[in-house]
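Residue strings, one per chain:
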Amino acid sequence: MSPDPRFDQPRPTLRTVAELTGYAVATVSRALADDPKIAKSTRKKIADAARKVGYVPDRAARRLRTGRTQVVTLLLNTDHEFLGFTHEFLTGITQGLRGTGYSVTVVPDSLGPDRLSPVRTILRNRLADGLLFTRTESFDPRVRLLMEEGFPFVCHGRTEFAQPHAWVDYDNEAFARVAVDRLIQRGRKRILLIPPAEDFTFAQHIRYGFVSAARAAGIDHEVVSSVNIDSPGAEIAEALRARLARPDPPDGYVCVGEAIALATMGVLADAGVVPGIAADVVAKRASPIFDNIRPRIETVFEDLRATGQTMAEMLLRNMDGEPAGGLQHLFPPGPASWQASDATVSA
């Protein structure tokens, strides 16, 4: 068999693409990095030419030249309270990296006892220039290790460490207060929350907002202790059914995300309890899913795309040497979407 002539050709370089298109090498480099300062038509012409000649960036050469991998890594746990979390979050990160030459790799993140294993691997082998991660714990071991190593990172969620570090978070305390206030406006007297696991910092924020708002209003409230939002769906449903079967069942439910809201609505439907009439549900959402579900419930929006974009932009600034203490952003809840039935609340 004769050798494939394609493998006898010299490897295409930026100069190859520049000579083919008539642009300077620097312009070609920026266009292939999707720099928005380069005209879209120019970027397309250069990208088409690069694809035609089979140009692929040489990351190894770039790493030797700059000491950087041009890669950021996202540690991602796919079990999440939002159904569209991965899509929205990754889309935001990609938008934040656009035009920089950086790409993002995704590494699975386990919620088990050892959350440091993937971090150690990345640090040991210098597989990335910076890290992004979610489901942050109050005293997260990943945060501690990365601060000790001086390695750039941004986490989704805050910690209780005294040393400042870069984070982006959603104001879950404010969300809980908004949800409780809305249930009170709907005339609800006994409200229930299935919380996040206690290890996560946002669990404290949710619980404090929920309990303090309910106490201030003088209404009955309870936080379920037998399950959390990461428990198996069957266990969550069973805990809700058991509570409905006991005296004085809740008539208001605060749901931390879309998955728990759907489980709650399913149990209520099985029990013949109609949201907007015999009970009300207020849920945090990150997608349009509840626009297409009946009966409608009331929702408060968390913009995961904006969160991912902000985290990526902050990481770039941190990698360029900006102090982590100034790289912190708290997103407020909203906008709210009051979609519940206008039916009169039953006594």
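Relevant structure appears above.
Residues numbered from 1 in each chain as written. Predicted model: local features only at pLDDT ≥ 70, side-chain atom pairs only at ≥ 80, totals over all residues. Heavy atoms only, no water.

The number of helices and strands found in the chain is 12 helices and 12 strands. Classification of the 347 residues of the chain by burial places 47% in the buried group. (Helix = DSSP H or I, 4+ residues; strand = E, 2+ residues; numbered from the N terminus. Buried < 20%, exposed > 50% of the residue type's maximum accessible area, 1.4 Å probe, protein only.)

With that settled, the discussion passes to empty space enclosed by the protein. Evaluated as defined, the whole model comprises 2 cavities of 30 Å³ or more. The computed volume of the largest cavity comes to approximately 150 Å³. Every residue lining the largest cavity is counted, 15 residues in all, and those nearest its centre are E81, H156, D169, N172 and F202. Of all the elements in the fold, those that place two or more residues in the lining of the largest cavity are β5 (167-170) and α9 (201-217). Computed from the structure, the second largest cavity encloses a volume of approximately 40 Å³. Contributing to the lining of the second largest cavity are L192, I194, L240, Y253, V254, C255, I260 and T264. Put simply, the parts of the chain that give the lining of the second largest cavity at least two residues each are β8 (252-255) and α11 (258-270). If you tally residues by element for the lining of the second largest cavity, the top one is β8, at 3 residues. For the lining of the second largest cavity, the residue count by class is 7 nonpolar, 1 polar and no charged. (1 Å grid on protein atoms, 1.4 Å probe; cavity = no way out; pocket = protein on both sides within 12 Å on 5 of 7 lines; lining within 4 Å. Points joined across faces, edges and corners; volume = space filled by probe spheres on them. Nonpolar A, V, L, I, M, F, W, Y, C, P; charged D, E, K, R; others polar.)

Turning to the nonpolar core, a few remarks are in order. If you look at soluble globular proteins, the nonpolar side chains tend to sit buried side by side. Counting residues in each nonpolar core, the largest one holds 67 residues, and the members touching the most others are V154, I194, F210, Y253 and V254. In terms of residue count, the dominant contributor to this core is helix α12 (residues 304-319) (7 residues). If sequence neighbours within four positions are ignored, I194 has contacts with V224, V227, N228, I229, I236, L240, V254, V256 and I260. Grouped together as the second largest cluster of nonpolar side chains are 18 residues, I122, M147, F153 and W167 included. (Core = buried A, V, L, I, M, F, W, Y, C linked by side-chain atoms within 4.5 Å. Contact = heavy atoms within 4.5 Å.)

Moving on, we get to the sheet that holds strand β4 (residues 153-156). Strand order in the open sheet formed by 6 strands is β2-β1-β3-β4-β5-β11, and the pairing between neighbours is parallel. Where the open sheet ends on each side, the last strands, each with one partner, are β2 (103-108) and β11 (328-331). Across the sheet, the mean angle from the axis of one strand to that of its neighbour is 15°, orientation sign disregarded. Strand direction decides the pairing type here: β5 and β11, joined by 4 bridges, are parallel. Within β11, the residue paired with W167 across the bridge is Q328. (Pairing = 2+ DSSP bridges. Axes fitted to C-alpha atoms, helices over the stretch in contact; angles between N-to-C directions.)

Over its 14 residues, helix α8 (residues 172-185) runs 20 Å from end to end, which matches the ideal 20 Å to within 8%, given 1.5 Å per residue. Burial in α8 covers these residues: N172, F175, A176, A179, V180, R182 and L183. The arc that holds every buried residue of α8, seen down its axis, measures 160°, which confines them to one face. Count one or two residues on from α8 and you reach G187, which has phi positive near 90°. (Expected span 1.5 Å × (residues − 1). Arc of directions from axis to C-beta.)

Turning to the side chain of S231, a few remarks are in order. Mapped onto the secondary structure, S231 falls in the loop between β7 (220-223) and α10 (233-245). Within the structure, S231 has its side chain in polar contact with the backbone nitrogen of N228 (distance 2.9 Å). (Polar contact = N/O pair within 3.5 Å; in protein donor to acceptor, adjacent residues only side chain to side chain.)

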